[in-house]
Amino acid sequence: MNPKQLACVVLMMCIGAVTYFGQIMHNKVTAMKASAKQASEDARTAEDARQVSEILVTKVRAETEDLRRFLKAWMPYADRVQTEQEVDSAFELSLRDRGITLVRSRKSEVKARRDDKFMPKIVQTSIIVEDDYAKVMNWLGDIEKRLPLARVTTCTVTGGSSVRQAKLDVTIETPIIDMTAGSTSGATSKK
């Protein structure tokens, strides 16, 4: 081969190599542009989803504002009574503070509620007291102050052993509230 032909072959090889590497670079640039376009579309979709979620959160906050204010107002009372012993001590302190000496019967029973994680237990207290009418009624009011979440299920007021006395037979249910279970069950129910 003469030097012209050899130079021509070398030149053709250089042109082929430049074309080959140019084609590889072109394919990479095309793939990067497609990836950038896909990432841009994904970002736009994510931004739209974020805006929709933000609107839903704002809507839920507006709809539950009254409920959240109600819960915030009652949370200190729910935190005050967390065990059966605290319920029993509230009854004991109330009886002692009001000076009621004649307690005919008193029975506390804990009822477990498996279906309700927010209120896993209810302490049901049945008590029969007999004393001066005003003392008995003030004692019942004091129990309502000490245990505001309690519910009176049965209440019977009859005459006592004397004219001024009253006999109160009352059954009160006091829920034991687990605030942490209420928040986690709400999150799992939404999912």
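Refer to the structure above for everything that follows.
Residues numbered from 1 in each chain as written. Predicted model: local features only at pLDDT ≥ 70, side-chain atom pairs only at ≥ 80, totals over all residues. Heavy atoms only, no water.

Trainee: Just to check I follow, could you spell out the sheet that holds strand β2 (residues 121-132) for this structure?
Mentor: Through backbone hydrogen bonds, the strands of a sheet pair up, either in parallel or in antiparallel fashion. Strand order in the open sheet made by the four strands is β1-β2-β4-β3, with antiparallel pairing throughout. Of all the strands in the sheet, just β1 (103-112) and β3 (151-159) have a single pairing partner and so form its edges. Neighbour to neighbour, the strand axes of the sheet diverge by 10° on average, direction disregarded. Against the sheet, helix α3 (residues 84-98) makes contact with β1, β2 and β4 (165-176), and its axis sits at roughly 10° relative to β2, the strand it touches most. (Pairing = 2+ DSSP bridges. Helix = DSSP H or I, 4+ residues; strand = E, 2+ residues; numbered from the N terminus. Axes fitted to C-alpha atoms, helices over the stretch in contact; angles between N-to-C directions. Contact = heavy atoms within 4.5 Å.)

Trainee: Honestly, the environment of G160 in this entry has me stumped. Any pointers?
Mentor: Relative to the assigned elements, G160 resides in the loop between β3 and β4. For the pair G160 and Y133, spaced 27 residues apart in sequence, the C-alpha to C-alpha distance is 8.7 Å. Apart from residues no more than four positions distant in its own chain, G160 is found in contact with E130, Q165, A166 and K167.

Trainee: Teacher, can you tell me more about the state of the cysteines here?
Mentor: As used here, a disulfide is simply a covalent bond connecting the sulfur atoms of two cysteines. Scanning the entire structure with this criterion turns up zero disulfides. Summary of cysteine pairing: C8 is not part of a disulfide, and the nearest cysteine sulfur, belonging to C14, is at 11 Å. Overall, the relative accessible area of 45% leaves C8 in the partly exposed class. (Disulfide = S-S within 2.5 Å. Buried < 20%, exposed > 50% of the residue type's maximum accessible area, 1.4 Å probe, protein only.)

Trainee: Please explain the pairing of β4 as it appears in this structure.
Mentor: Looking along a regular strand, one sees the side chains alternate between the two faces of the sheet. Among the twelve residues in β4, nine count as buried, and that is most of the element. When β2 meets β4, the two strands line up antiparallel, connected through twelve bridges. Counterpart to E130 in the pairing with β4 is K167. Judged from the eight bridges that link them, β3 and β4 form a sheet pairing that is antiparallel. The residue bridging T158 from the neighbouring strand is K167, located in β4. Where β3 folds back on β4, the antiparallel hairpin that results is connected by five residues.

Trainee: Help me understand the nonpolar core in this model?
Mentor: A general tendency of soluble globular proteins is for nonpolar side chains to be buried together. Residues V87, F91, V129, W139, L168 and V170 are the most contacted members of the largest nonpolar core, which totals 18 residues. For this core, the secondary structure elements donating two or more residues are α3, β2, α4 (133-146) and β4. (Core = buried A, V, L, I, M, F, W, Y, C linked by side-chain atoms within 4.5 Å.)

Trainee: Just to check I follow, could you spell out the packing of aromatic side chains for this structure?
Mentor: In this description, an aromatic ring pair is defined by two values, namely the gap between the centres and the angle between the planes. Using the criterion set out here, one finds three aromatic pairs in the structure. With a centroid separation of 5.5 Å and 65° between ring planes, the pair formed by Y20 and F21 is classed as edge-to-face. Given a relative accessible area of 52%, Y20 falls into the exposed group. With a centroid separation of 6.3 Å and an interplanar angle of 45°, the aromatic rings of F91 and W139 are classed as tilted. In this pair, F91 is assigned in helix α3 and W139 in helix α4, connecting sequence segments 48 residues apart. Taken as a pair, F91 and W139 share a single burial class, namely buried. (Phe/Tyr/Trp six-rings, centres within 6.5 Å; stacked < 30°, edge-to-face > 60°.)

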